[in-house]
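# Structure at a glance
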Amino acid sequence: MQATPILPVCIDDLEHIAKDILPSATWGYYTSGANHEQTLRDNRDAFKRYRLRPRMLRDVSKVTTTTTILGKKARSPLCVAPCAMHKLAHPDGEVATSKAVASHGSVMILSTYSTTALEKVIAAGNPETQYWFQLYVYKDRRVSEKLIRRAEAAGFSALVLTVDAPYLGRRLLDSRNKFSPPPHLRLENFIDSTTDFSSIDSLEKSGDETFGETFGNRGDASLSWEEGIAWLRSITALPIIVKGILTAEDTELAIKHGCSAIIVSNHGGRQLDGTLASIDALPEIVEAAGNRIEVYMDGGVRTGTDIIKALALGAQAVFVARPILYGLAYNGEDGARLTLRLLQDELELGMALAGCRTIDEIGSHLIHSLHKQACNNIPKPKL
Ligand SMILES: Cc1cc2nc3c(=O)[nH]c(=O)nc-3n(C[C@H](O)[C@H](O)[C@H](O)COP(=O)(O)O)c2cc1C
Ligand SMILES: CC(C)CC(=O)C(=O)O
């Protein structure tokens, strides 16, 4: 058995510590994937199949990670993905995460299933930081519309529509653990819902419903590109970002239907098991997007060099989910800050060692792929 590290110096250390701290059912919910967890594992393993081709003697005495994300300046391309229920990790929950992201200066996507009301989360931030609201569309569209109105009023600057979860994936560990969030927590975004969301608002399951059924029974699985995106466009002027895209075909449709950006994602291996790892899907999507739309990615990012590889393969920004939960579990806001700082430090050092002074200098020339298929899809060098 591996001893718990005293001072966490990388994300894997934080993961070990979080495992020791968190109740086993919470740990299971946070870390597990769907079915046999092939995609969960592959999200991380796939990064190792890309190796770096560093350039030398390029005056890396100054390195900056400043970039733009959805047209706005950001201090770093490292951002925070939407994650349900941060208060399972620490009582300060999403407010702690918000403050950490604000000090880091990039983007936080807040989950619909936040354990803190969306207004409180954005109020803990600063104007430099972008807050985007992640949306699930419900059969009762009034529930989704009300959330959108609140997000608009609170100052969220984009909607992130999660498209890979018409139903919740089968997470075997959650079934074995009979995972159910503790009753003292609230899904605060639903508290004043005037529609029939009372059972989910208190996080109590109605009758014998499993957590997945509670979710599945309320989500609108009939959502389509034509009707769903048109409906969203008809009720909001906020940019719409689709999260969960894995193919060139859907990239084309996202552009056709007026989406503003794409997040290449398989939901951290928690939905359809057996998909491509996000980093493997990225080149196809970047090529299909062809600079018409920004492409971001998430899934398996645990080191600064993972971020460099994703940027080199064409991502404009990179999102992390579980690493933030590990940081929160370790030490609340300071722990979430540590997560971001460790990854940011690794990113800056990695850039210097690879000969990149700016984000623009991170191009496909840095990538040596160990699988030939991906090599064919790698976008043209930026340099
Ligand atoms: C515990 C947990 C809860 C999540 N909740 C949401 C959610 O509410 N909405 C969503 O779109 N994605 C959700 N995700 C998926 C993440 O946004 C993201 O796609 C994925 O976890 C990224 O992979 P990583 O955890 O390896 O960084 C969740 C992921 C985890 C681990
Ligand atoms: C409450 C869940 C639907 C949140 C989620 O997307 C997940 O657990 O992956």
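The rules behind the values
- Every chain is numbered on its own, with residues counted from 1 as its sequence reads.
- Here every chain gets a letter starting at A, and every ligand a number starting at 1, in the order they are written.
- The predicted nature of this model means local features are confined to residues of pLDDT at least 70 and side-chain atom pairs, given and counted, to a pLDDT of 80 or more, with totals for whole chains, interfaces and linings taken over all residues.
- To obtain the side-chain values, all non-hydrogen atoms of the structure were included, while hydrogens and water were left out.
- Each helix is a run of DSSP H or I of at least 4 residues and each strand a run of E of at least 2, with the numbering of both proceeding from the N terminus.
- To get the radius of gyration, use the C-alpha atoms; to get the globule rule, take the number of residues to the power 0.38 and multiply by 2.2 Å.
- With a 1.4 Å probe rolled over the protein chains alone, any residue whose accessible area is under 20% of its type maximum counts as buried; one over 50% counts as exposed, and the rest are partly exposed.
- Two residues form a contact once any of their heavy atoms are found within 4.5 Å.
- Throughout, the Shrake-Rupley method with a 1.4 Å probe supplies accessible areas, and for residues the shown protein chains are the sole cover considered.
- In this tally, Lys and Arg are treated as positive and Asp and Glu as negative; His is ignored, and so are the chain termini.
- Charged groups are reduced to one reference atom each: NZ for lysine, CZ for arginine, CG for aspartic acid, CD for glutamic acid.
- Only heavy atoms are used to decide nearness, and a residue is near a molecule or strand if one of them lies within 4 Å of it.
- Counted as a polar contact is a pair of N or O atoms within 3.5 Å, where, for protein atoms, one must be capable of donating a hydrogen and the other of accepting one, and residues adjacent in sequence contribute only when both atoms are in side chains.
- Each residue is assigned to one of three groups, with Ala, Val, Leu, Ile, Met, Phe, Trp, Tyr, Cys and Pro labelled nonpolar, Asp, Glu, Lys and Arg labelled charged, and all others, Gly among them, labelled polar.
- In this text, buried Ala, Val, Leu, Ile, Met, Phe, Trp, Tyr and Cys residues form a nonpolar core when linked through side-chain atoms within 4.5 Å.
- The pLDDT score gives, residue by residue, the confidence of the prediction method on a 0 to 100 scale.
- Should a side-chain nitrogen of Lys or Arg be within 4 Å of a carboxyl oxygen of Asp or Glu, the pair is scored as a salt bridge.
- Along the arc lie the directions from the helix axis toward the C-beta atoms.
- Between 30 and 60 degrees the pair is tilted, below 30 it is stacked and above 60 it is edge-to-face, where a pair is any two Phe, Tyr or Trp rings, Trp via its six-membered ring, whose centres lie within 6.5 Å.
- By definition, being over a ring means that NZ of Lys or CZ of Arg is both within 6 Å of the ring centre and within 35 degrees of the ring normal.

## Digging into the overall build of the protein chain
Assigned secondary structure in the protein chain consists of 15 helices and 12 strands. Against the 2.2 N^0.38 benchmark of 21 Å for 383 residues, the protein chain shows a C-alpha radius of gyration of 20 Å, consistent with a compact globule. Counting only C-alpha atoms and orienting by the principal axes, one finds that the protein chain spans roughly 65 × 50 × 40 Å. Counting every position in the protein chain, which comprises 383 residues, the buried fraction comes to 57%. Pairs at least 24 apart in sequence give 72% of the contacts found in the protein chain among residues at least 6 apart. Only carbon and sulfur atoms are counted for the fraction: they give 53% of the accessible area of the protein chain, which is about 15900 Å². Here the protein chain carries 43 positive and 45 negative side-chain charges, and the mean point of each set is 3 Å from the other.

## Observations regarding the site of ligand 1
Near ligand 1 you find 23 residues, and of these Pro82, Ser111, Thr162, Asp298 and Arg302 are the closest. Between Asp298 and ligand 1, the recorded distance is 2.7 Å, taken from a side-chain N or O atom to an oxygen atom. Protein chains bury 98% of the 600 Å² of accessible surface belonging to ligand 1 in isolation. Going through the elements one at a time, helix 2 (24-31) and helix 14 (322-354) are the ones with two or more residues in the shell around ligand 1. Split into classes, the residues belonging to the shell around ligand 1 amount to 10 nonpolar, 8 polar and 5 charged.

## Details of the site of ligand 2
Contacts to ligand 2 come from Tyr29, Ala84, Tyr113, Tyr136, Leu168, Arg171, Phe211, Phe215, His267 and Arg270. In this structure, Tyr136 approaches ligand 2 through a side-chain N or O atom, which is 2.7 Å from an oxygen atom. Here an oxygen atom of ligand 2 sits 2.9 Å away from a polar atom, N or O, in the side chain of Arg171. Surface burial for ligand 2 is 93%, taken as the share of its 280 Å² of free accessible area covered by protein chains.

## Points about the nonpolar core
Core analysis: the largest hydrophobic core is formed by 99 residues, its most contacted members being Phe133, Val242, Val264, Ile279, Leu282, Met297 and Ile362. Top contributing element to this core by residue count: helix 14, with 13 residues. Once residues lying within four places of it in the same chain are set aside, the contact partners of Ile279 are Ala46, Phe47, Tyr50, Met297, Lys309, Ala310 and Leu313. Counting residues in hydrophobic clusters, the runner-up holds 15 residues, among them Ile69, Ile263, Tyr296 and Ala317.

## Describing the confidence of the model for the protein chain
Scored by pLDDT, the protein chain comes out at a mean of 93, with 91% of its residues at no less than 70. Across the interface, the model reports ipTM at 0.99; the global pTM reads 0.95.

## Regarding the pattern of salt bridges
Opposite charge on two side chains lets them pair, provided their charged atoms get close. Overall, the coordinates contain 19 salt bridges when judged by the stated rule. For the salt bridge of Arg49 with Asp42, the shortest nitrogen-to-oxygen distance reads 3.1 Å. Residues joined in a network through salt bridges with shared partners are Asp12, Glu15 and Arg44.

## Overview of unusual backbone geometry
The phi torsion at Glu37 lies on the positive side, around 65°, for a residue other than glycine. Positionally, Glu37 belongs in the loop between helix 2 and helix 3 (38-48). Backbone geometry at Lys178 places phi at a positive 45°, although glycine is not the residue there. Its place among the elements puts Lys178 in the loop between helix 7 (172-176) and helix 8 (198-201). Of the residues examined, Lys178 reaches a relative accessible area of 68% and is grouped as exposed.

## What about helix 3?
Within the span of helix 3, buried status applies to Thr39, Leu40, Asn43, Ala46 and Phe47. For helix 3, the buried positions fall inside an angular range of 140° around the axis, keeping them on one side. Tucked into the core, helix 3 has its buried residues touching helix 2, strand 1 (50-52), helix 12 (278-289), strand 10 (294-298), helix 13 (304-312) and helix 14.

## Side note on the packing of aromatic side chains
Across all of its chains, the model carries 11 aromatic pairs by this definition. Measuring from centroid to centroid gives 5.7 Å for Phe133 and Phe156, while their planes differ by 80°, and the two rings are edge-to-face. Here the residue Phe133 occupies a position in strand 6 (residues 130-135), and Phe156 occupies one in the loop between helix 6 (141-154) and strand 7 (158-162), the gap between them amounting to 23 residues. Relative accessible area serves as the criterion here: at 0%, Phe133 is assigned to the buried category. Linked through ring pairs, Tyr113, Tyr136, Tyr138 and Phe190 together constitute an aromatic cluster. A cation over an aromatic ring shows up here: Arg141 above the ring of Trp231, its NZ or CZ 4.7 Å from the ring centre.

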